[in-house]
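Remarks on the overall topology
Residue-level listing of the chains:
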Amino acid sequence: MPSTVLVGTQWGDEGKGKITDLIASDYDYVVRFQGGNNAGHTVVHGDTKLALHLMPSGVMYENCIPVIGNGVVVDPGALVKEIVVLQTQGISCERLKISCNAHIIMPYHKDLDGADEKRLGSNQIGTTKRGIGPCYQDKAARKGIRVQDLMDEHIFRLKVETALSQKNPILDKIYGLHTYTVDEICDEYLPFATILKPYMAETTQLLNDALRAGKNILFEGAQATMLDIDHGTYPYVTSSSCSAGGAAAGTGVGPMAFNKVIGIMKAYTTRVGGGPFPTEQLFPENGGEGEEAATGEKLCAVGHEYGVTTGRKRRCGWFDAVIGKYAVDVNGLTDIALTKLDVLSEFETIKVCVAYEHEGKRYDYLPMQQSVLFHAKPVYEEIPGWYGQDITECRTFEELPAAAQDYILHLEELVGANITMISVAPDREATIFRNWK
Ligand code: GDP
Ligand code: IMO
Ligand code: MG
């Protein structure tokens, strides 16, 4: 069993949690390498539905060690809360390991996230307001506070003091917000240190030793390729490297460790927050009318497209093969897991965007300029659906209606990688493996 990276290929919420959980029992370690509790990964086992934010989705399996890598930003309060919730549901978190080099989300990061969004007005990113951007900002500026700093009260106090000498004037003078005292923050955070100390580990060595011992590791991405700080629709992105390349930097294993890269691709597209989205079917409240508004509303209703972390209604649209192809390249995908195919059973015909058009020019690839992507019109192919045929019980490719098989084969051809898993309902059993190795 190889070491595998699993990433989102669109704008998040593709079903990474389901697929990670589905294959996690084959791995000895499941590792988060970026992002924080901005993620919302849903895992469904029968009647039990779990929403994971920071905890790697392999936590359910006793053979599997969940690891929070150095590239993750950790809100200690949120993590402690998640551990408690999982443990009250009978899921042991004892095996969890947290990198000492991961950065900590501080209270002022959350305040600044919200305040900065307000400042941007109609151009706001629509962040989750979990403090993710400001925390990565401090990391890059070499002003961050790390998990290891929680291990020593003296060091933690000093770092908080230094941080507040800069943050308090910003909070007060620029945003007119509440400022903090060192004691206030230490009183809140040091008790978390006591709870989290047993989980803190030298995860880079742990993972490299595991690789040497022939163990299998699954690197679980959060967010997605189009939200990647470098490769996404900047500035409407998150602040981390959510594509496959981030797995090496965010865990401390070399790039040769990975021999499988699975891209999770929804059979249509969704996006939460602002930014360009060429195939969006605008909701009436956002100016959509007629067939477009009806399609958007239907995708949202049938797909239950509401955010796991913030509860926001997700913007919805048709599958975008230009982005699919881009994600295959950026991540070097060896496999695709196509999810939520069942949602398309409600449509008589299905549209797929195969290119964009802007000012008389056709783009078969992602345009170089973001402003072009903002205004580009999708070029659609309209293909027959399998309207009204319930596919949620299908467990082999051959059991799928011919039109659904054709849709899958067509997407494979358009994006240029093999679709080796097809998900037809939220449950782990509702998955078709196809030439899966
Ligand atoms: P993630 O962030 O990529 O892990 O995805 P989310 O959990 O935020 O959103 C995916 C949603 O789709 C969750 O509610 C899943 O339970 C659900 N889901 C996953 N796969 C399927 C599928 O094949 N069909 C349907 N109908 N729902 C699915
Ligand atoms: P999962 O892992 C969908 C979006 C936010 C916003 C942008 C920046 O569940 O797929 P941030 O709080 O990260 O600074 O917000 O990124 N975003 C997500 N959208 N799924 C997610 O995670 C997301 N995490 C962040 O909506 O547009
Ligand atoms: Mg999600």
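Each remark here, short or long, concerns the structure printed above.
Described in the following lines is the structure provided in the data block. (Residues numbered from 1 in each chain as written. Chains lettered and ligands numbered in written order. Predicted model: local features only at pLDDT ≥ 70, side-chain atom pairs only at ≥ 80, totals over all residues. Heavy atoms only, no water.)

As a further point, take the site of ligand 2. Close to ligand 2 lie 20 residues, the nearest being Lys 16, His 41, Thr 128, Gln 223 and Thr 238. In this structure, an oxygen atom belonging to ligand 2 sits 2.7 Å away from a side-chain N or O atom of Lys 16. At 2.6 Å, a side-chain N or O of Thr 128 approaches an oxygen atom of ligand 2. When ligand 2 sits alone it has 550 Å² of accessible area, and the protein chains cover 97% of it. (Near = heavy atom within 4 Å. Polar contact = N/O pair within 3.5 Å; in protein donor to acceptor, adjacent residues only side chain to side chain. Areas by Shrake-Rupley, 256 points an atom, 1.4 Å probe, with all protein chains shown as cover.)

This paragraph deals with the coordination of the magnesium ion (ligand 3). Each angle at a metal carrying four tetrahedral donors should ideally be 109.5 degrees, and each at a metal carrying six octahedral donors should ideally be 90 or 180 degrees. Within the protein, the atoms that donate to the magnesium ion (ligand 3) are Asp 13 (OD) and Gly 40 (O), at distances of 2.0 to 2.1 Å. One end of the pair, Asp 13, is in the loop between strand E1 (4-8) and helix H1 (16-24); the other, Gly 40, is in the loop between strand E2 (29-32) and strand E3 (41-45), with 27 residues separating them in the sequence. Residue classification places Gly 40 among the buried positions, given a relative accessible area of 13%. (Donors = N, O, S within 2.8 Å, 3.2 Å for Na, K, Ca; no water. Helix = DSSP H or I, 4+ residues; strand = E, 2+ residues; numbered from the N terminus. Buried < 20%, exposed > 50% of the residue type's maximum accessible area, 1.4 Å probe, protein only.)

For the rest of this paragraph, the subject is the pairing of strand E11 (residues 260-266). The buried count for E11 comes to seven of seven residues, which makes it a mostly enclosed element. Of the two faces of E11, the one holding Lys 260, Ile 262, Ile 264 and Lys 266 and the one holding Val 261, Gly 263 and Met 265 are both buried throughout. With five bridges connecting them, E1 and E11 associate as parallel partners. Note on E11: the bridge partner recorded for Val 7 is Gly 263. As judged from the five bridges shared by E11 and strand E15 (residues 335-339), these two strands associate in the parallel manner. If you follow Met 265 over to E15, its bridge partner there is Leu 338. (Pairing = 2+ DSSP bridges.)

What follows covers the pattern of salt bridges. Tallying each qualifying case throughout the model produces 20 salt bridges. When the shortest N-O distance is used, the salt bridge between Arg 157 and Asp 183 registers 3.0 Å. Here Arg 157 is found in helix H5 (residues 153-174), whereas its partner Asp 183 is found in helix H6 (residues 182-196), with 26 residues between them in sequence. On the basis of relative accessible area, Asp 183 is assigned to the partly exposed category, the value being 44%. A salt bridge links Arg 434 to Glu 412; its shortest N-O distance comes to 2.8 Å. You can see Arg 434 sitting in the segment after strand E20 (431-433) and its partner Glu 412 sitting in helix H12 (residues 402-415), a full 22 residues away along the chain. (Salt bridge = Lys/Arg side-chain N within 4 Å of Asp/Glu carboxyl O.)

Val 5, Phe 219, Leu 341, Leu 344, Trp 386, Leu 400 and Tyr 407 are the most contacted members of the largest nonpolar core, which totals 59 residues. No other element matches the six residues that H12 contributes to this core. Those residues in contact with Leu 341 that sit more than four places away from it in its chain are Ala 267, Trp 386, Ile 391, Ala 404, Tyr 407, Ile 408, Ile 422 and Ser 423. One finds Leu 54, Ile 104, Leu 112 and Leu 171 within the second-largest nonpolar core, a separate group that totals 42 residues. (Core = buried A, V, L, I, M, F, W, Y, C linked by side-chain atoms within 4.5 Å. Contact = heavy atoms within 4.5 Å.)

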